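Each chain is listed here by its residues.
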Amino acid sequence: MKHWLRRFLVAIIILVSASLMLNISESRPLNLIAMALNVILIFLIYLWSKELVGRWWALVPIFLFGFSPTVLAQGHGGIQSIALAVAINALILSFLGFLFNPSKLRILWSGLSLGSAILISWEALVFIPYLLILMVFFYIGTKQHYWRALLFILLSGLIFVSLSHLIIYKSD
């Protein structure tokens, strides 16, 4: 019964937050995309908090984020900023997941989320030194190093950015 109740509460928080944003905004397709990105971000926050504090306590961060006045008032309009927040949360979540449970799929997912964050805004290049700092702290704590994997993540992200630019800006 508790498992069902937790899922129900997560769904209610997401749906009520999205419906409040829908009532505030005009129904334009771009606003609906921004609200969908907010819902994805709420789900990513839940996944991350569930790993950190447990399933029931993970409801607190998504409640605080989902009903934040900033998210409710501006969450339907800031497509670039909310998309960057989704990409960076996906990057950090997948990179930390890779550090604790290494796999090729997590390396690829980290590279794709890094590339998409860079595509959304060039300011995401700031997170490359952040990944290096995370890697150094992980090495100090566990004496395991994944420098080749970090290089592959950076290269796959840059290849994703390059291919996307070739597809978008190809000259006919």
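Every value quoted in this text rests on a predicted model; they were computed, and no experiment measured them.

Student: Whenever I open this one, the overall build of the protein chain confuses me. Can you help?
Tutor: Secondary structure summary: the protein chain contains eight helices and zero strands in total. Ordered by position in the sequence, the α and β elements of the protein chain form the string α-α-α-α-α-α-α-α. The proportion of buried residues among the 172 residues of the protein chain is 39%. The contacts in the protein chain between residues at least 6 apart in sequence include a share of 71% that link residues at least 24 apart. A total of about 10700 Å² of accessible surface is found on the protein chain, and carbon and sulfur atoms cover 73% of it.

Student: I'm lost on helix H3 (residues 59-66) in this one. Help?
Tutor: Count 3.6 residues to each turn of an α-helix, and residues three or four apart come out pointing the same way. Taken together, the buried positions of H3 are occupied by Leu59, Ile62 and Gly66. Looking down the long axis of H3, one finds its buried residues gathered within 70° of arc, a one-sided arrangement.

Student: What should I look at first to understand the nonpolar core in this one?
Tutor: One broad rule of soluble globular proteins: the nonpolar side chains tend to lie buried together. Core analysis: the biggest nonpolar cluster contains 23 residues, and Phe95, Phe98, Leu99, Leu114, Ala117, Met135 and Tyr146 have the highest contact counts within it. Elements supplying a minimum of two residues to this core: helix H5 (79-100), helix H6 (104-120), helix H7 (127-142) and helix H8 (147-168). Examining the composition of this core, we find that eight residues originate from one element, H5, more than from any other. Judged by nonpolar contacts, the second largest core, of 14 residues, contains Leu41, Ile45, Ala83 and Val86.

Student: Whenever I open this one, H5 confuses me. Can you help?
Tutor: A rise of 1.5 Å per residue sets the reference length of H5, with its 22 residues, at 32 Å; its end C-alpha atoms lie 32 Å apart and thus fit the reference within 8%. The element H5 is extensively covered by neighbouring structure, given that 16 of its 22 residues are classed as buried.

Student: I tried to follow the packing of H6 against H8 on my own but got confused; where do I start?
Tutor: In helix packing, the relevant descriptors are the interaxial angle and the interaxial distance, both defined with respect to the helix axes. Between H6 and H8, the least distance of the axes is 7 Å, while the angle of their chain directions is 45°. Considered as vectors, H6 and H8 are oriented oblique to each other. Remark: the crossing between H6 and H8 carries right-handed chirality. On H8, the residues that touch Ile107, Ser110, Gly111, Leu112, Leu114, Gly115, Ser116, Ile118 and Leu119 of H6 are Ala149, Phe152, Ile153, Leu154, Ser156, Gly157, Phe160, Val161, Ser164 and His165.

Student: Hey, could you run me through the packing of H5 against H6 in this one?
Tutor: One can describe the packing of H5 onto H6 by two numbers: an axis separation of 8 Å at closest approach and a directional angle of 155°. The angle between H5 and H6 falls in the class roughly antiparallel. In terms of crossing hand, the pair formed by H5 and H6 is left-handed. Between H5 and H6, the contacting residues are Gln80, Ala83, Leu84, Ala87, Ile88, Ala90, Leu91, Ser94, Phe95, Gly97 and Phe98 on the first element and Arg106, Ile107, Trp109, Ser110, Ser113, Leu114, Ser116, Ala117 and Ile120 on the second.

Student: Sorry if this is basic, but what is going on with the environment of Val161 here?
Tutor: With respect to the helices, strands and loops of the structure, Val161 is situated in helix H8. Residue classification places Val161 among the buried positions, given a relative accessible area of 5%. Between the C-alpha atoms of Val161 and Ile120, which are 41 residues apart in sequence, the distance is 9.9 Å. Apart from residues lying up to four places away in sequence, Val161 is in contact with Gly115, Ile118, Leu119 and Trp122.

Student: What should I look at first to understand a nonpolar patch on the surface in this one?
Tutor: Among the surface-exposed residues, Leu132, Ile133, Val136, Phe137, Tyr139, Ile140 and Trp147 lie close enough to one another that they form a single nonpolar patch of about 670 Å² accessible area. It is H7 that contributes the most residues to the nonpolar patch, six residues altogether. Position of Ile140 relative to the elements: it lies in helix H7. Judged by relative accessible area, which is 52%, Ile140 ranks as exposed.

Cut-offs applied
- Residues numbered from 1 in each chain as written.
- Predicted model: local features only at pLDDT ≥ 70, side-chain atom pairs only at ≥ 80, totals over all residues.
- Heavy atoms only, no water.
- Helix = DSSP H or I, 4+ residues; strand = E, 2+ residues; numbered from the N terminus.
- Buried < 20%, exposed > 50% of the residue type's maximum accessible area, 1.4 Å probe, protein only.
- Contact = heavy atoms within 4.5 Å.
- Areas by Shrake-Rupley, 256 points an atom, 1.4 Å probe, with all protein chains shown as cover.
- Arc of directions from axis to C-beta.
- Core = buried A, V, L, I, M, F, W, Y, C linked by side-chain atoms within 4.5 Å.
- Expected span 1.5 Å × (residues − 1).
- Axes fitted to C-alpha atoms, helices over the stretch in contact; angles between N-to-C directions.
- Parallel < 35°, antiparallel > 145°, perpendicular 65-115°, else oblique.
- Left-handed = near helix turned anticlockwise from the far one by under 90°.
- Patch = residues over 30% accessible without salt bridge, like charges linked within 9 Å, V, L, I, M, F, W, Y side chains within 5 Å.
- Salt bridge = Lys/Arg side-chain N within 4 Å of Asp/Glu carboxyl O.

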